[in-house]
Amino acid sequence: MANGQWYPPEWPERIRALAAGTMTPATPRRAATVMLLRDAQGVEVHMLRRRTSMAFAAGAYAYPGGGVDPRDDDRQVRWAGPSRKEWAVRLGVPEQDAQAVVCAAVRETFEEAGVLLAGPTPDSVVDDTTGADWTADRQALVDRDLSFAEFLRRRGLVLRSDLLGAWARWITPEFEPRRYDTWFFVAALPVGQRTSDDSSEADRTVWIRPGEAAAGYDRGELSMMPPTIATLRTLDAYGTAAEALDGAAGRDLTPVLAQARLEGDELVLSWPGHDEFTKHISNGGN
């Protein structure tokens, strides 16, 4: 491949099945992912490479993220920053969904990167998440033995929703059996905290400048899904993490959903507004 666009070989067959009416699209699962930023002679973003054993996007570079835990829909958590109602308006979902999506963003960042956007008071953030007790809590969250709301309650912590900025929303194509309705967020690495490299879903983690990562993708050296490289390219315009967070308020959250159509003897796969990902597939093969 000319670049690092993640493209499963089974997609053409699935697209044809969808067009023929022999595939019923799965309902997308709500999800959140976080572009964690730090200032280091320019902005760097934290990325992980998904293990080759993963069922979805194996080997692709991504950000910490994952599905919503339904237990976070209605359990009240101590909350700082924009209200749940304000988040509901920003994300375009009901209030309880907004809480669950924001909780997922904060929880997944802690699970996969060891970084926690929460503190003992509405204007503070924990300064150290290392140690055996924190590791045990992270594993309990990963295993879903512990809900995020209960984790915060036990620790006496306030979720800092003001440290997040909503950036984009992408929905997995209808022909993919594992579908996610994913909100992308930006956040700055809190002072005193550092990322962990022991994610259960990653075999490599890196801090990298967005432009450098995009160049690696363009050379075909780094594999990424379209939402990852698309959001990565938009980060390159910002000189600091604070500037990116400020810029989040003006970002368009209209969902991006891939479309497939038949043109002559070709299947054309496209993502509206993102022409670089368009694929032309022979109707007789991959």
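The structure under discussion appears in the preceding block.
In this numbering scheme, every chain counts its residues from 1 along its sequence in written order. pLDDT decides what is reported in this predicted model: residues at 70 or higher carry local features, side-chain atom pairs at 80 or more are listed and counted, and totals for whole chains, interfaces and linings draw on all residues regardless. The side-chain values count all of the structure's non-hydrogen atoms but skip hydrogen atoms and water molecules.

Engineer: Requested: an account of the sheet that holds strand β7 (residues 158-160), with residues and values cited.
Structural biologist: Strand order in the open sheet formed by three strands is β5-β7-β6, with mixed pairing between adjacent strands. Each edge of the open sheet carries a strand with a single partner, namely β5 (79-80) and β6 (118-119). Two strands are said to pair when DSSP picks up at least two bridges between them. Under the DSSP-based scheme used, a helix requires at least four consecutive residues in state H or I and a strand at least two consecutive residues in state E, with every element numbered from the N terminus. Sheet analysis places β6 next to β7, joined by two bridges and oriented antiparallel. Across the sheet, Ala 118 pairs through a bridge with Leu 159, a residue of β7.

Engineer: Which residues make up helix α2 (residues 84-91), and what values go with them?
Structural biologist: An α-helix turns once per 3.6 residues; consequently, residues spaced three or four apart project the same way. Within α2, burial applies to Arg 84, Trp 87, Ala 88 and Leu 91. Down the axis of α2, the buried side of the element spans an arc of 105°, and every buried residue falls inside it. In α2, the exposed residues that point more than 90 degrees away from the buried face are Lys 85 and Val 89. Looking at the buried side of α2, the elements it contacts are β5, α3 (95-113), β8 (165-171) and β9 (180-188). Positive backbone phi, at 75°, marks Gly 92, one or two positions downstream of α2. Note on exposure labels: buried denotes an accessible area under 20% of the residue type's maximum, exposed denotes more than 50%, and partly exposed covers the range between, all computed with a 1.4 Å probe on protein chains only. Here the arc refers to the directions that run from the helix axis out to each C-beta atom. Two residues qualify as a contact provided that any one of their heavy atoms is within 4.5 Å of a heavy atom in the partner residue.

Engineer: Please give an account of the nonpolar core that cites residues and values.
Structural biologist: Residues belong to one nonpolar core when they are buried, are Ala, Val, Leu, Ile, Met, Phe, Trp, Tyr or Cys, and are joined through side-chain atoms within 4.5 Å. Formed by 42 residues in total, the largest nonpolar core has its most connected members in Trp 87, Leu 91, Leu 116, Phe 148, Phe 151, Leu 164 and Phe 185. A per-element tally of this core places α3 first, with ten residues. Contact partners of Leu 164, with chain neighbours within four places excluded, come to Val 34, Trp 87, Val 102, Ala 105, Val 106, Leu 117, Phe 185, Val 186, Ala 187 and Leu 245. Judged by nonpolar contacts, the second largest core, of 39 residues, contains Trp 170, Phe 175, Trp 271 and Phe 277.

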